[in-house]
Amino acid sequence: MKKLEEELKETQGQERKVPTVIPLLPVRDVVIYPYMIIPLFVGREKSVRAIEEALSRDRMILLVAQKDAEAEDPEPEEVYDVGTVGSVMRTLKMPDGRVKILVQGSGRASVVEFTRKEPYFEARILEIHEREVGTGLEIEALVRSVKEQTSRAVNLGKALPPDVLAVINNLEHPGRLADLVGSNLDLKVEEAQAVLEIFDPLERLKRVSELLNRELEVLEVQQRIQTQAKEEMDKTHREYYLREQLKAIQRELGEADERGQELQELEEKIKAAKMPPEVEAEAKTQLGRLSRMHPDAAEASVIRTYLDWLIELPWSKQTKDKLDIKQAEKILDEDHYDLEKVKERILEYLAVRKLKKKMKGPILCFVGPPGVGKTSLGKSIARALGRRFIRISLGGVRDEAEIRGHRRTYIGALPGRIIQGIKQAGSNNPVFMIDEVDKIGMDFRGDPSSALLEVLDPEQNVSFSDHYLGVSFDLSNVMFICTGNLADPIIPALKDRMEIISISGYTEEEKREIAKRYLIPRQRGEHGLRAKHLHIADDALMEIITQYTREAGLRNLEREIATICRKVAREVAEGKRAQTKITPANLSRYLGPPKFLPEPEQEVDEVGVATGLAWTVTGGDVIYVECTGMKGKGNLQLTGHLGEVMKESAQAALSYTRSRAVILGIGESLFRKTDLHIHVPAGAIPKDGPSAGITMAAALVSALARIPVRKDVAMTGEITLRGKVLPVGGIKEKVLAARRIGIKKLIVPAKNDKDVKELPQHIRKGMEFVFIEHMDQVLEVALVRRLKAGRVLPKVGELGRPVARA
């Protein structure tokens, strides 16, 4: 080492002339500065040849940084233009063929041109001499500032050899000081090269000062983080040490060990929970693991939380069912009006439960439009049975873990919502309502609908396995009630496991009774009113139902009643003492003008306008099918946002009409010379389904024969090319829609006779049902006058069933 230092001093003392053409060595990941001594490992063949060539000349070589460190064989344009002329001090050949060299930088130089690219790089260079700088206050202040910054960096933990720090403190030349400090900063290649390319010593030193400032900020933040971490560690060690001392003192005094006491309490709770044998064995295994763990271990809290879940679940706790059928019936009637099917099913379950002590809980699914009382019915059933009530909503849920839970390996893992609900209920036989089961989604996290298959299957839910618990839980005592607006979106396998009970919309009379019994008293109470403050007359209530709401359920009706209550509450608060009576005469003062008025089509019999019945998510609705003919070439145009099935029904209706043109008294040439346009109003609302088939056919025949369709007749049914009328669904909703609009005569397919018979008596009362099997019978009933047919159309009853009146 001493010998090397002597050689370096000799080299520095000698003025060595730099040749204009010199071998060039591209270096990776480092920028070499003048007066910098650095070892390099040279392995590339071109680079080894350049070293050999330099040794054979005067040991001088140009060291230039590569722009891309990944380039194995860089081109001339892939190296920087400015580098450092260095002297090769030592060479050592390694066993793997590489050469280790020790180089010392002597001065800057820029590449003018490459004179050779093979077998090594050689370049013509221009040596850049350091300009002399004078002395002055600014230079002295800048030099002193850089030295102080370097000292601060060392104090903050910057690794710098003591001899280098000593040299820095003794240097006064700005350029050499900048090079020495810059070479010891952790700079990126681009930043270091930018410093090398600053030829003015003062500017270079200013740039190094800026980089030093940034380094100091990083070091200060780093030191602050390390200090905080050290303080936390010291605090933890101190707490552990004191805790261990406290335990030792407690043992000496004969006092109980808190941890031992906690473990003993957990063991007692496990015994008191009356778990199944396999669950208790798992709980004791986890308790044993917890006892062997350090209390501050990360997994200790996970096991403790898991044991808490096992202990708090109602493995053997259940409420006693109220088996008094008369009392249950009374409670159900108190809470809900009508809904006889549902009430009958619950009472049947109670009757069987009374005769057989051990039976599986039923799994019901209430399907119906919004606002008909599906969710509140679940609460009523729980009250009638004397059970706890739990409700979860699965609308928009897409993660299977919401049902089955997360595995305990995940941070923040929890059981699924089924087990959470059971724990919340505190018994293993609650009434468990799963709302919006038809709105469950699915994505990359799984399919919650498929996870529900095990929950809602009486044969499988005896041993429901939650991912978090890892043990089986018996759900067979739970009464599951699902709700949804539509049955179609529910996957078939899940639908097959549930007993689907359809809940249709309410009639106007039912709504009036429900409003009088439940809605008005509830809203009066919520708004601080009493019966002496507000009275709503029956005819005013009926006007609210018919002119201010149009829905299958009751939500909008309750909102309108709440609006009246708010306005009356304000009057009472302002000092009004007399009772406010709501009548049809003053109703608009509280609710404004009516929102729903009869449409023009309902007022007169019109040509080409037929009244149809449709089923919607919110119940039934009345649609008007309009048809008009224009001079043309026999084209058919369909508008009104119709779906594919409805368009096909229109085509079938047209084909039927053309095939029966002679019998219907319509000239064949009329079809060739007339363009037909069928439109269903409310064009913004999508419409689909086959049940408007006979309505479209009636409108077509009416438009072509110029005979009006009766405004007091509504119809529903699918039509075939041969004119046969096929059955459709949603009969109750459609009948209710007709009642709401004031239509009493309905044309329905003969095969829907069974659906009509299932309607409650109060719905059929005052309605006239015409059961038909063929389109000819529809025209006989629906048109204002008989067609001038080539052949006499069969009367109703000749082809199908007679008229049924209720």
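1. Quick notes on the overall build of the protein chain
Helix and strand counts for the protein chain stand at 29 helices and 25 strands. Rg of the C-alpha trace for the protein chain: 46 Å, well past the compact-globule value of 28 Å for 806 residues, more than 25% over. Dimensions of the protein chain, computed from C-alpha atoms along their principal axes, come out at roughly 130 × 95 × 65 Å. The proportion of buried residues among the 806 residues of the protein chain is 48%. Pairs at least 24 apart in sequence give 74% of the contacts found in the protein chain among residues at least 6 apart. Put simply, the protein chain shows about 41,100 Å² of open surface, and 50% of that area lies on carbon and sulfur atoms. Of the charged side chains in the protein chain, 126 are positive and 123 negative, and the gap between their average positions amounts to 9 Å.

2. Some words on the sheet that holds strand 12 (residues 479-484)
Spatial strand order, 8-9-12-7-13: five strands in an open sheet with parallel pairing. For this open sheet the edge positions go to strand 8 (389-393) and strand 13 (499-502), each flanked by a neighbour on one side alone. Between one strand axis and the next, the sheet turns through 20° on average, direction left out of account. Two strands pair when backbone bridges link them, and strand 7 (residues 363-367) and strand 12 are joined in this way by five bridges, in the parallel orientation. Bridge pairing links Leu-364 to Ile-481 in strand 12. Packed onto the sheet, helix 13 (residues 374-385) meets strand 7, strand 8, strand 9 (431-435) and strand 12 and runs at close to 175° relative to strand 9. Sheet strands touched by helix 15 (residues 417-425): strand 8 and strand 9. Its angle to strand 8, the strand with the most contacts, is close to 155°.

3. Things to note about the side chain of Gln-193
Note on placement: Gln-193 falls in helix 6 (residues 189-196). A distance of 2.9 Å separates the side chain of Gln-193 from the side chain of Glu-197, its partner in a polar contact. Apart from the residues lying within four places of it in its own chain, the contact partners of Gln-193 are Val-31, Ala-65, Tyr-80 and Val-82.

4. A few points about the packing of aromatic side chains
According to the stated counting rule, one finds four aromatic pairs in the structure shown. Taking 5.5 Å as the distance between ring centres and 40° as the angle between the ring planes, the aromatic pair formed by Phe-432 and Phe-480 counts as tilted. Here Phe-432, found in strand 9, pairs with Phe-480, found in strand 12; they are 48 residues apart in sequence, far enough to count as distant. Judged on exposure class, the residue Phe-432 and its partner Phe-480 are both buried. Its guanidinium or amino end placed over the ring of Trp-309, Lys-423 lies 4.0 Å from that ring's centre, counting from NZ or CZ.

5. What about the pattern of salt bridges?
A complete count under the given rule lists 46 salt bridges for this structure. Residue Arg-152 is joined to Glu-220 by a salt bridge in which the shortest nitrogen-to-oxygen separation is 2.8 Å. Here Arg-152 is found in helix 3 (residues 137-155), whereas its partner Glu-220 is found in helix 7 (residues 201-253), with 68 residues between them in sequence. One connected set of salt bridges, linked through shared partners, spans Lys-46, Asp-73 and Glu-118.

6. Quick word on unusual backbone geometry
Residue Pro-119 follows Glu-118 across a cis peptide bond; omega there is -5°. Relative to the helices and strands, Pro-119 is located in the loop between strand 5 (99-116) and strand 6 (121-128). Backbone geometry at Asp-29 places phi at a positive 65°, although glycine is not the residue there. Within the secondary structure, Asp-29 is located in the loop between strand 1 (21-27) and strand 2 (37-42). In this structure, His-641 is a non-glycine residue whose phi angle is positive, near 60°. One can find His-641 in the loop between strand 18 (636-639) and helix 22 (644-659).

7. A closer look at helix 16 (residues 448-455)
Along helix 16, seven of the eight residues are buried, which leaves the element largely enclosed by surrounding structure. The complete set of buried residues in helix 16 reads Pro-448, Ser-449, Ala-451, Leu-452, Leu-453, Glu-454 and Val-455. Those residues of helix 16 that are buried are in contact with helix 14 (401-404), helix 15, strand 9, strand 10 (464-465), strand 12 and helix 17 (492-496).

8. What about a negative patch on the surface?
Taken together, Glu-329, Glu-340, Glu-344 and Glu-348 make up a surface patch of like negative charges. A per-element tally of the negative patch places helix 12 (residues 340-355) first, with three residues. With respect to the helices and strands, the residue Glu-329 is situated in helix 11 (residues 325-335). For Glu-329, a relative accessible area of 35% translates into the label partly exposed.

9. Some remarks on the side chain of Ser-702
The residue Ser-702 is located in helix 25 (residues 693-705) in this model. Setting aside chain neighbours within four positions, we find Ser-702 in contact with Glu-606, Val-607, Gly-608, Ile-707, Pro-708, Val-709 and Leu-783.

10. Regarding the environment of Leu-165
Relative to the helices and strands, Leu-165 resides in helix 4 (residues 162-170). Expressed as a C-alpha distance, the spacing of Leu-165 and His-679, which sit 514 residues apart in the sequence, is 93 Å. Those residues in contact with Leu-165, other than ones at most four positions away along the chain, are Thr-150, Val-154 and Leu-160.

11. Section: the state of the cysteines
Taken as a whole, this structure holds zero disulfides when the rule is applied. Cys-482 supplies the cysteine sulfur nearest to Cys-365, a cysteine that is in no disulfide, at a spacing of 5.4 Å.

12. What to know about the packing of helix 5 (residues 174-183) against helix 7
What describes two packed helices is the angle between their axes and the distance between those same axes. Put simply, helix 5 and helix 7 touch, their axes get as near as 8 Å, and they point 30° apart. In this structure, helix 5 meets helix 7 at a crossing whose hand is left-handed. Of the residues in helix 7, those in contact with Pro-174, Gly-175, Leu-177, Ala-178, Asp-179, Val-181 and Gly-182 of helix 5 are Pro-201, Leu-202, Arg-204, Leu-205, Val-208 and Leu-212. Counted by class, the contact of helix 5 with helix 7 contains nine nonpolar, two polar and two charged residues.

13. Structural notes on the nonpolar core
Within the largest apolar cluster, 61 residues are counted, with the highest numbers of intra-cluster contacts made by Leu-25, Leu-40, Leu-62 and Ile-101. The leading source of residues in this core is strand 3 (residues 60-65), at six residues. Not counting chain neighbours up to four residues away, the residues in contact with Ile-101 comprise Leu-25, Ile-38, Pro-39, Leu-40, Val-42, Ile-51, Val-88, Arg-90 and Thr-91.

14. As for the environment of Ala-300
As for its placement among the helices and strands, Ala-300 is situated in helix 10 (residues 298-312). When the C-alpha atoms of Ala-300 and Val-471 are compared, they prove to be 20 Å apart, with 171 residues separating the residues in sequence.

15. Considerations on the confidence of the model for the protein chain
Looking at the protein chain as a whole, the pLDDT averages 85, with 94% of positions reaching at least 70. pLDDT under 50 marks residues 1-15. Its contacts with residues more than four places away, or in other chains, come to 10 contacts. The low-confidence segment residues 790-806 (pLDDT under 50) makes 45 contacts with residues lying over four places distant or belonging to another chain.

About the criteria used
Sequence positions are assigned chain by chain, starting from 1 and proceeding in written order. Whole-chain, interface and lining totals are the exception, using all residues; otherwise, since this is a predicted model, local features are given only for residues with pLDDT of at least 70 and side-chain atom pairs are given and counted only at 80 or more. In computing side-chain values, all of the structure's heavy atoms are included and hydrogens and water are not. Starting at the N terminus, helices and strands are each numbered in turn, a helix being any DSSP run of H or I of at least four residues and a strand any DSSP run of E of at least two. With C-alpha atoms as the basis for the radius of gyration, the globule rule is written as 2.2 Å multiplied by the number of residues raised to the power 0.38. Throughout, exposure labels follow a simple rule: accessible area from a 1.4 Å probe, protein chains only, divided by the maximum for the residue type, with under 20% read as buried, over 50% as exposed, and the rest as partly exposed. We call two residues in contact whenever any of their non-hydrogen atoms come within 4.5 Å of each other. Accessible surface is estimated by sampling points in the Shrake-Rupley manner with a 1.4 Å probe; for residues, cover comes only from the protein chains shown. Two residue types count as positive, namely Lys and Arg, and two as negative, namely Asp and Glu; His and chain ends fall outside the count. Charged side chains are reduced to one point each, which is NZ for Lys, CZ for Arg, CG for Asp and CD for Glu. Strands were regarded as paired on the criterion that DSSP finds at least two bridges between them. For helices, the fitted axis covers only the stretch in contact; all axes are lines through C-alpha atoms, and the angles between them, taken along N-to-C directions, range from 0 to 180 degrees. The definition of a polar contact used here is a pair of N or O atoms within 3.5 Å, where within protein one atom must be able to donate a hydrogen and the other to accept one, and adjacent residues in sequence count solely through side-chain atom pairs. Note on aromatic contacts: the rings of Phe and Tyr and the six-membered ring of Trp form a pair at centre separations within 6.5 Å, being stacked when their planes are under 30 degrees apart, edge-to-face when over 60 apart, and tilted otherwise. For a lysine, the NZ atom is tested; for an arginine, the CZ atom; a charge sits over a ring if that atom is within 6 Å of the ring centre and within 35 degrees of the ring normal. Salt bridges are identified by distance alone: a Lys or Arg side-chain nitrogen within 4 Å of an Asp or Glu carboxyl oxygen. The patches reported here contain residues having more than 30% relative accessible area and no salt bridge. Joining distances are 9 Å for like charges and 5 Å for nonpolar side chains (Val, Leu, Ile, Met, Phe, Trp, Tyr). Put simply, a disulfide is two cysteine sulfurs that come within 2.5 Å. Each crossing is labelled by how the near helix is turned from the far one, with a counterclockwise turn of less than a right angle marking it left-handed and a clockwise turn marking it right-handed. Residues were grouped as follows: Ala, Val, Leu, Ile, Met, Phe, Trp, Tyr, Cys and Pro as nonpolar; Asp, Glu, Lys and Arg as charged; and all remaining residues, including Gly, as polar. Residue types Ala, Val, Leu, Ile, Met, Phe, Trp, Tyr and Cys, when buried and joined through side-chain atoms within 4.5 Å, form a set referred to as a nonpolar core. The predictor attaches a confidence to each residue, called pLDDT, with possible values from 0 through 100.

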